[in-house]
Amino acid sequence: MLLVEKPSDGVAVVTLNRPEAMNALSKALRAALQQAIAELDADPDVRVIVLTGAGERAFTAGLDLKELSTDPLGMGAANATDPAENPARAVLSCSKPIIGAINGVAITGGFEVALACDVLLCSTNARFADTHARVGITPGWGLSQKLSRCIGPYRAKELSLTGNFLSAQQAYDWGLVNRVVAPEELMPAALKLAGEMASIEADMLVTYKAMIDDGYAATLGEGLELEHQRSVVHNREVTPEMVAARREKVQARGRTQ
């Protein structure tokens, strides 16, 4: 149902593993995802997480509608705040960077989980759709707010008020994803990027990610003040010797890129 692997130093891969159900987010899978992310967040040997789906058809099709059709209380998951029920919150609760490797369709709740990731890479098979309006429910995992902040309100309304699919290339053109690659290149690209991030010191990854996220949720003025306050606290611990050692590593890396 959920696979967790550690293919290289500092990197973990979490795979939604229900390909026969388009990796739909059943209650059990949602709980397993939250537990896995919490454990990896607490694991000092893990610095970056890659989240993907099994197979090439789907990243995840969102909530398991078949399961919901037999559970009179199941729709409560659409508005759940507990990360064990709300997978977008499970992803957002992680202090470490999460790279979404979108291998197929990311539909409705699956779209919301993708939007919760820090970076999105997708294969040419990937497609995104918000079918909330067509199903007759409103989003509860963040899509109505995050999508417009990613691609602008006009494009967000086009997607959400039609339920139309967005292709991988159009998602890239609209600034929704970082890059598009061939299906066979998706995981190598995601692991390469994860490895590059994992070469940064762990506390720096967590600190900088939080600074970006918290500042983005504020006004520009508030964000600049937040940056100043946190920078003062962090940078007073940095010594000239530390800068010199890291400068040599940065220069050496620059010569090989």
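Residues numbered from 1 in each chain as written. Predicted model: local features only at pLDDT ≥ 70, side-chain atom pairs only at ≥ 80, totals over all residues. Heavy atoms only, no water.

J.: What is the right way to read the overall build of the protein chain from this model?
T.: Assigned secondary structure in the protein chain consists of 12 helices and 10 strands. In terms of overall dimensions, the protein chain is globule-like: its C-alpha atoms have a radius of gyration of 19 Å, near the 18 Å expected for 257 residues. Expressed as lengths along the three principal axes of its C-alpha atoms, the size of the protein chain is roughly 60 × 40 × 35 Å. Residue burial in the protein chain is summarised as follows: out of 257 residues, 42% are buried. Considering only contacts within the protein chain whose residues lie at least 6 apart along the sequence, 71% involve residues at least 24 apart. (Helix = DSSP H or I, 4+ residues; strand = E, 2+ residues; numbered from the N terminus. Rg over C-alpha atoms; globule rule 2.2 N^0.38 Å. Buried < 20%, exposed > 50% of the residue type's maximum accessible area, 1.4 Å probe, protein only. Contact = heavy atoms within 4.5 Å.)

J.: How should I be thinking about the pattern of salt bridges in this particular structure?
T.: It is possible for side chains of opposite charge to pair when their charged atoms get near one another. Per the stated rule, a full pass over the model turns up 6 salt bridges. A salt bridge links Asp64 to Arg18; its shortest N-O distance comes to 3.0 Å. One end of the pair, Asp64, is in the loop between strand S4 (58-60) and helix H2 (65-68); the other, Arg18, is in the loop between strand S2 (10-16) and helix H1 (27-42), and 46 residues separate them in sequence. By the burial criterion, Asp64 is buried, and Arg18 matches it. (Salt bridge = Lys/Arg side-chain N within 4 Å of Asp/Glu carboxyl O.)

J.: Just to check I follow, could you spell out H1 for this structure?
T.: For an α-helix, the turn length of 3.6 residues means that residues three or four places apart are oriented alike. With 16 residues, H1 should cover 22 Å at 1.5 Å per step; its first-to-last C-alpha distance of 23 Å lies within 8% of that length. For H1, every residue scored as buried is listed here: Leu29, Arg30, Leu33, Ala36, Ile37 and Leu40. One side of H1 carries all its buried residues, which in axial view fall inside an arc of 130 degrees. (Expected span 1.5 Å × (residues − 1). Arc of directions from axis to C-beta.)

J.: Explain the pairing of S2 to me, please; I cannot follow it from the model alone.
T.: Strand residues, when the strand is regular, have side chains that alternate between the two faces of the sheet. With respect to burial, S2 is a largely interior element, 7 of its 7 residues being buried. Summarising the sheet, strand S1 (residues 2-8) and S2 pair through 5 bridges and their orientation is antiparallel. Considered in S2, the bridge of Val4 is made with Val14. Linking S1 back to S2 in an antiparallel pair, the connection comprises 1 residue. (Pairing = 2+ DSSP bridges.)

J.: How do you make sense of the packing of aromatic side chains when you look at a structure like this?
T.: For any pair of aromatic rings, the description rests on two quantities: the centre-to-centre distance and the angle between the ring planes. Under the counting rule described, the total for this entry stands at 1 aromatic pair. Aromatic pair Phe111 and Phe128: ring centres 5.3 Å apart, planes at 45 degrees, arrangement tilted. Linking Phe111 in helix H4 (residues 109-116) with Phe128 in strand S8 (residues 127-129), this pair joins segments that are 17 residues apart in sequence. Take Phe128: its relative accessible area is 0%, and that puts it in the buried class. The ring of Phe165 has Arg127 lying over it, and the distance from NZ or CZ to the ring centre is 4.0 Å. (Phe/Tyr/Trp six-rings, centres within 6.5 Å; stacked < 30°, edge-to-face > 60°. Lys NZ or Arg CZ within 6 Å of the ring centre and 35° of its normal.)

J.: It is not clear to me how the pairing of strand S7 (residues 119-123) should be interpreted in this structure. Could you clarify?
T.: With respect to burial, S7 is a largely interior element, 5 of its 5 residues being buried. Across 4 bridges, the pairing between strand S5 (residues 98-102) and S7 is parallel. Residue pairing in the sheet places Ala101 in a bridge with Leu121 of S7. Relative to strand S10 (residues 179-181), S7 runs parallel, the two sharing 3 bridges. In the strand pairing of S10, Ser123 is matched with Val181.

Function-wise, these values are silent; they only describe arrangement.
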